[in-house]
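Remarks on the overall topology
Spelled out from the first residue to the last, the chains are:
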Amino acid sequence: MFRLNNLIRTGTNLTRFKHTLVVVEHDNQKLSQVTLNTITAATKIPKNETVTCAVAGTGCGKVAEEVSRLAGVNKVLVVDDANLTGFLPEAVAPVIVDLQKKNNFTHIAFGSSALGKNVMPRVAALLDAQPVSDIIGIPDENTFVRTIYAGNAIQTVRVKDPVKIFTVRGTAFEAVKPNSAATPAEVAPAGVNATKSEKATFVNQQIAKSDRPSLTAAKVVVSGGRGLQNGENFKILYDLADTMNGAVGASRAAVDAGYVPNDLQIGQTGKIVAPELYIAVGVSGAIQHLAGMKDSKTIAAINKDPDAPIFQVADLGLVGDLFKEVPEMTKLLKK
Ligand SMILES: Cc1cc2nc3c(=O)[nH]c(=O)nc-3n(C[C@H](O)[C@H](O)[C@H](O)COP(=O)(O)OP(=O)(O)OC[C@H]3O[C@@H](n4cnc5c(N)ncnc54)[C@H](O)[C@@H]3O)c2cc1C
């Protein structure tokens, strides 16, 4: 039988099946939430036939097994190499490029996280392709939707490169679930090695430890701004967040003033969240802050200034002194 590999004849057009590579984000032990959203985005690419996941790291076998049990994943390629210690983009990007040269994917997807934003443009440059960042929709296999101007305009772009390379905004796609019924996808060594970067060395990292849900995954986010006045006062936000198993976030003004560490920052230059409930406390609602939270399902605001712009996007607003209102709310919720 005559067979054209990867090709089907549709009318007079030859259409190549789409094969997507998802670059998995993890810490060698745990899978990152944004990968679950990125896999969903990959399965939504029209005409996409297979989703392959790349798990690159050091001692990352457990993560590869976990990925193989996710719905929609057809194959897991593993690059387990000591040269990937610290996930330096200088080491990870060439590995993804080699995977592409071996497998000729039509799409390469990354989560729009610090790692994805770091590695993706390098991969695109090495493959001489124009990348698309932070996509929120995929109307067809060559077209992507993304926001510009801090979320104030929506841009639709068509990519003409043979390989489409993009980062996925996690909050725009549901998280994929483990596929309990089906057999796990094949897990195989990728047949690609990492080389040690001569230009960068991983020295160490300091990870903020918290028992609370992570900011980007939490269903409730209580966020504080300059109105909190100092770091100690953030305790009233933690008390409120704890009554709802929520996470605490902050505006850039609060971060810049040293009230909280910058991994709590929400907005254009911080994290983008879309929880069920976002409570903005002592936050004015600057355009750069709204860029990080305006897709939240319900927005509540507490501010003493009735003209604060946050009230324009808030579903529920309370004009009052946060130092009185927040402890009051916590008390009521604890009842
Ligand atoms: C390029 C660029 C990128 C930026 N990126 C970000 C970003 O990612 N995230 C971000 O948040 N900002 C960002 N900013 C900064 C942004 O423009 C604002 O300066 C910032 O969001 C303001 O923070 P805020 O609302 O906490 O402070 P303010 O604007 O000072 O607002 C404080 C609010 O608290 C209220 N308040 C004070 N006391 C009380 C009280 N006792 N009770 C109740 N309410 C009270 C006040 O009425 C006021 O509305 C960026 C700016 C630029 C130029």
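Residues numbered from 1 in each chain as written. Predicted model: local features only at pLDDT ≥ 70, side-chain atom pairs only at ≥ 80, totals over all residues. Heavy atoms only, no water.

The name an unreviewed UniProt entry gives the chain is Electron transfer flavoprotein subunit alpha, with Brachionus calyciflorus as the organism. Turning to the chain, the UniProt annotation filed under Function (unreviewed entry) states: "The electron transfer flavoprotein serves as a specific electron acceptor for several dehydrogenases, including five acyl-CoA dehydrogenases, glutaryl-CoA and sarcosine dehydrogenase. It transfers the electrons to the main mitochondrial respiratory chain via ETF-ubiquinone oxidoreductase (ETF dehydrogenase)." For the chain, the Sequence similarities (unreviewed entry) comment in UniProt is given as "Belongs to the ETF alpha-subunit/FixB family." (UniProt positions renumbered as here; feature names shortened; annotations may be inferred.)

**Section: the overall build of the chain**
Tallying secondary structure elements over the chain gives nine helices and 16 strands in all. The C-alpha atoms of the chain give 22 Å as radius of gyration, which agrees with the globular expectation for 335 residues (20 Å, within 12%). Principal-axis analysis of the C-alpha atoms gives the chain an extent of 75 × 50 × 45 Å. Counting across all 335 residues of the chain, residues that qualify as buried make up 47%. Within the chain, contacts between residues separated by at least 24 positions form 64% of all contacts whose residues are at least 6 apart in sequence. Looking at the chain as shown, the accessible area adds up to about 17500 Å², and 50% of this sits on carbon and sulfur atoms. On the chain, the mean spot of the 36 positive side-chain charges and the mean spot of the 31 negative ones are 4 Å from each other. (Helix = DSSP H or I, 4+ residues; strand = E, 2+ residues; numbered from the N terminus. Rg over C-alpha atoms; globule rule 2.2 N^0.38 Å. Buried < 20%, exposed > 50% of the residue type's maximum accessible area, 1.4 Å probe, protein only. Contact = heavy atoms within 4.5 Å. Areas by Shrake-Rupley, 256 points an atom, 1.4 Å probe, with all protein chains shown as cover. Lys, Arg positive; Asp, Glu negative; His and termini not counted. Charge placed at Lys NZ, Arg CZ, Asp CG, Glu CD.)

**Observations regarding the sheet that holds strand S12 (residues 220–224)**
Ordered by their spatial adjacency, five strands build an open sheet running S13-S12-S14-S15-S16, and the pairing between neighbours is parallel. In the strand order of this sheet, the two ends are held by strand S13 (247–250) and strand S16 (316–319), each with one partner. Neighbour-to-neighbour, the strand axes of the sheet open up by a mean angle of 15 degrees, direction not taken into account. Alignment of strand S14 (residues 277–281) against strand S15 (residues 298–303), held across five bridges, turns out to be parallel. Looking at the pairing, Leu277 lines up with Thr298 of S15. The sheet contacts of helix H5 (residues 235–243) involve S12, S13 and S14, and relative to S12 the element is tilted by about 170 degrees. Those strands touched by helix H9 (residues 322–334) are S14, S15 and S16, and its axis lies near 135 degrees from that of S15. (Pairing = 2+ DSSP bridges. Axes fitted to C-alpha atoms, helices over the stretch in contact; angles between N-to-C directions.)

**Examining the packing of helix H3 (residues 89–103) against helix H4 (residues 114–126)**
The relative placement of two packed helices comes down to the angle between their axes together with the axis-to-axis distance. Running from N to C, H3 and H4 cross one another at 50 degrees; their axes reach a closest spacing of 9 Å. Taken together, H3 and H4 sit at an angle that is classed as oblique. The hand of the H3/H4 crossing is right-handed. In this structure, H3 contributes Pro89, Glu90, Val92, Ala93, Ile96 and Val97 to the contact, and H4 contributes Asn118, Val119, Arg122, Val123 and Leu126. When grouped by side-chain class, the residues that make up the contact of H3 with H4 number eight nonpolar, one polar and two charged. (Parallel < 35°, antiparallel > 145°, perpendicular 65-115°, else oblique. Left-handed = near helix turned anticlockwise from the far one by under 90°. Nonpolar A, V, L, I, M, F, W, Y, C, P; charged D, E, K, R; others polar.)

**Brief notes about the pattern of salt bridges**
Tallying each qualifying case throughout the model produces eight salt bridges. Taking the shortest distance from any N to any O, the salt bridge between Glu141 and Lys47 comes out at 2.9 Å. Within this pair, whereas Glu141 is found in the loop between strand S7 (132–140) and strand S8 (143–148), its partner Lys47 is found in the loop between helix H1 (33–43) and strand S4 (48–57), the two being separated by 94 residues in sequence. (Salt bridge = Lys/Arg side-chain N within 4 Å of Asp/Glu carboxyl O.)

**What about the pairing of strand S9 (residues 153–158)?**
Counting buried residues along S9, only zero of its six residues qualify, which leaves the element largely exposed. Taken together, the six bridges between S8 and S9 define a ladder with antiparallel strand orientation. Following the sheet pairing, Phe144 is matched in S9 by Val157. Here S8 folds back onto S9 in antiparallel fashion, the turn holding four residues, of which Tyr149 has a positive phi close to 50 degrees.

**A word on the nonpolar core**
Membership of the largest hydrophobic core comes to 30 residues, with the highest contact counts inside it found for Cys53, Val55, Val67, Leu70, Val73 and Phe166. For this core, the secondary structure elements donating two or more residues are H1, S4, helix H2 (61–68), strand S5 (75–80), S7 and strand S10 (164–168). With four residues, H1 is the single largest residue contributor to this core. Here Val55 is in contact with Val24, His26, Cys60, Val63, Ala64, Val67, Val76, Leu77, Val78 and Val79, once residues within four sequence places are set aside. Counting 29 residues, the second-largest nonpolar core is a separate cluster that includes Val95, Val97, Val119 and Ala129. (Core = buried A, V, L, I, M, F, W, Y, C linked by side-chain atoms within 4.5 Å.)

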